[in-house]
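Now for the letters of each chain:
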Amino acid sequence: MTSGSGTADSGATALKRAAIAIVIFLVLAGLLFLFGPDDFYPWAKAIHVIAVISWMAGMLYLPRLFVYHAEAEKGSVQSETFKVMERRLLRGIINPAMVVAWAFGLWLAWKGHWFSDGWLHAKLAAVIALSAVHGYLSAAVRKFSQDRNEKPARHWRIVNEIPTLLMIVIVILVIVKPF
């Protein structure tokens, strides 16, 4: 077995473990909802916050990986390592965390009767923008994996700031509820 196939095997194993953990997590959340629907709201809020933290951690780290990857020579061992790291981060953490954050966030908004509130409209616009950045980063992972990135490290340094700015806006909207 070559080191390349060993890396692919360990990557597949890591993704399977992440998928199993997410399924177990969702089953437990479902059981909480079924057997204690009146007590589910704080659990849903906790799950939402955990998912948002995970999503943001990945959204802040992935562009930083791109900075270093853009500086690595195409085809080098370092470049190939970044490809694995980027793919695993996106598939194993960022994508599932985004889905859970959206699902539980929408449920919380519905349960809290906030869909008519202006702060939630603004928050949803910021979360949609964050999701668009997520899509942009996902496309970048594909380009890097095919050695087709044409953006310099400086570009990725700037992109790295966008999730931070959106996070600040979202947190202020949720905590302060200015309108």
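Position numbers for residues count from 1 along each chain, tracking the sequence in the order it is written. Local features in a predicted model are, by the rule used here, given only for residues with pLDDT of at least 70; side-chain atom pairs are given and counted only at 80 or more, and totals for whole chains, interfaces and linings are based on all residues. Derived side-chain values reflect all non-hydrogen atoms in the structure, with water molecules and hydrogen atoms excluded from consideration.

Asks: What am I meant to see in the confidence of the model for the chain here?
Replies: When pLDDT is low, close inspection of the predicted coordinates is not appropriate. What pLDDT conveys is the predictor's confidence in a given residue, as a value from 0 to 100. Of the residues in the chain, 94% reach a pLDDT of 70 or more, and the chain-wide mean stands at 91. Contacts are assigned to residue pairs that have any heavy atoms within 4.5 Å of one another. Segment residues 1-5: pLDDT under 50, and two contacts once partners within four positions in sequence are set aside and those in other chains are kept.

Asks: Where do I start with the packing of helix H2 (residues 40-71) against helix H6 (residues 161-176) in this structure?
Replies: Relative orientation and spacing of two packed helices are given, respectively, by the angle between their axes and the distance between those axes. In contact at an axis separation of 8 Å, H2 and H6 are set at 150° when each is read in the N-to-C sense. Considering their axes alone, H2 and H6 lie roughly antiparallel with respect to each other. Residues Met-56, Met-59 and Leu-60 of H2 pack against Pro-163, Thr-164 and Met-167 of H6. Each residue gets one label: Ala, Val, Leu, Ile, Met, Phe, Trp, Tyr, Cys and Pro are nonpolar, Asp, Glu, Lys and Arg are charged, and the others, such as Gly, are polar. Broken down by class, the residue content of the contact of H2 with H6 amounts to five nonpolar, one polar and no charged. Between the N-to-C directions of two axes lies an angle of 0 to 180 degrees, each axis being a line fitted to C-alpha atoms and, for a helix, fitted only over the stretch in contact. Numbering of helices and strands runs from the N terminus; a helix is a DSSP stretch of H or I covering at least four residues, while a strand is a stretch of E covering at least two. Angles are sorted into four bins: roughly parallel if under 35 degrees, roughly antiparallel if over 145, roughly perpendicular if 65 to 115, and oblique for all others.

Asks: Explain a positive patch on the surface to me, please; I cannot follow it from the model alone.
Replies: A residue counts toward a patch only above 30% relative accessible area and without a salt bridge, and it is joined to like-charged neighbours within 9 Å or, for Val, Leu, Ile, Met, Phe, Trp and Tyr, to nonpolar neighbours within 5 Å. Note on areas: Shrake-Rupley with a 1.4 Å probe; residue coverage comes only from the protein chains shown. In what follows, salt bridge is the name for a side-chain nitrogen of Lys or Arg lying within 4 Å of a carboxyl oxygen of Asp or Glu. Only four residue types enter the tally: Lys and Arg on the positive side, Asp and Glu on the negative side; His and the chain ends are excluded. For this purpose, a charge sits on NZ of Lys, CZ of Arg, CG of Asp or CD of Glu. Taken together, the side chains of Arg-142, Lys-143, Arg-148 and Lys-151 define a basic patch exposed on the protein surface. With respect to the element layout, Arg-148 can be found in the loop between helix H4 (118-145) and helix H5 (153-159). A simple rule labels every residue: compare its accessible area, found with a 1.4 Å probe on the protein chains alone, to the largest value its type can have, and call it buried under 20%, exposed over 50%, or partly exposed in between. A residue is classified by how much of its surface remains accessible, and Arg-148, at 45% relative accessible area, is partly exposed.

Asks: Is there a simple way to think about the nonpolar core in this case?
Replies: General note: in soluble globular proteins, nonpolar side chains tend to be found buried as a group. We call a set of buried Ala, Val, Leu, Ile, Met, Phe, Trp, Tyr and Cys residues a nonpolar core when their side-chain atoms join them within 4.5 Å. Judged by nonpolar contacts, the single largest core of 37 residues is most densely connected at Trp-55, Leu-62, Phe-66, Leu-137 and Trp-156. Put simply, the parts of the chain that give this core at least two residues each are H2, helix H3 (77-111), H4, H5 and H6. Sequence-distant contacts of Leu-137, defined by excluding residues within four places in its chain, comprise Met-59, Leu-62, Pro-63, Phe-66, Trp-156 and Val-159.

Asks: Mind showing me how you'd approach the side chain of Asn-160 here?
Replies: Mapped onto the elements of the fold, Asn-160 is located in the loop between H5 and H6. In this structure Asn-160 comes out as buried when scored by relative accessible area, which is 11%. In contact with Asn-160, not counting residues within four places along its chain, are Leu-60, Pro-63 and Arg-64.

Asks: Teacher, can you tell me more about H6 here?
Replies: Count 3.6 residues to each turn of an α-helix, and residues three or four apart come out pointing the same way. By definition here, a helix of n residues has an expected span of 1.5 Å times n minus one. For H6, built from 16 residues, the straight-helix expectation of 22 Å at 1.5 Å per residue is met to within 8% by its first-to-last C-alpha distance of 22 Å. Restricting attention to buried positions, one finds in H6 the residues Pro-163, Leu-166, Ile-170 and Leu-173. End-on view of H6: buried residues confined to an arc of 95°, all on one side of the axis. Of the exposed residues in H6, the ones pointing more than 90 degrees away from its buried face are Leu-165, Ile-175 and Val-176. Turning to H6, the residues buried within the fold contact H2, H4 and H5. The directions from the helix axis to the C-beta atoms are what the arc is built from.

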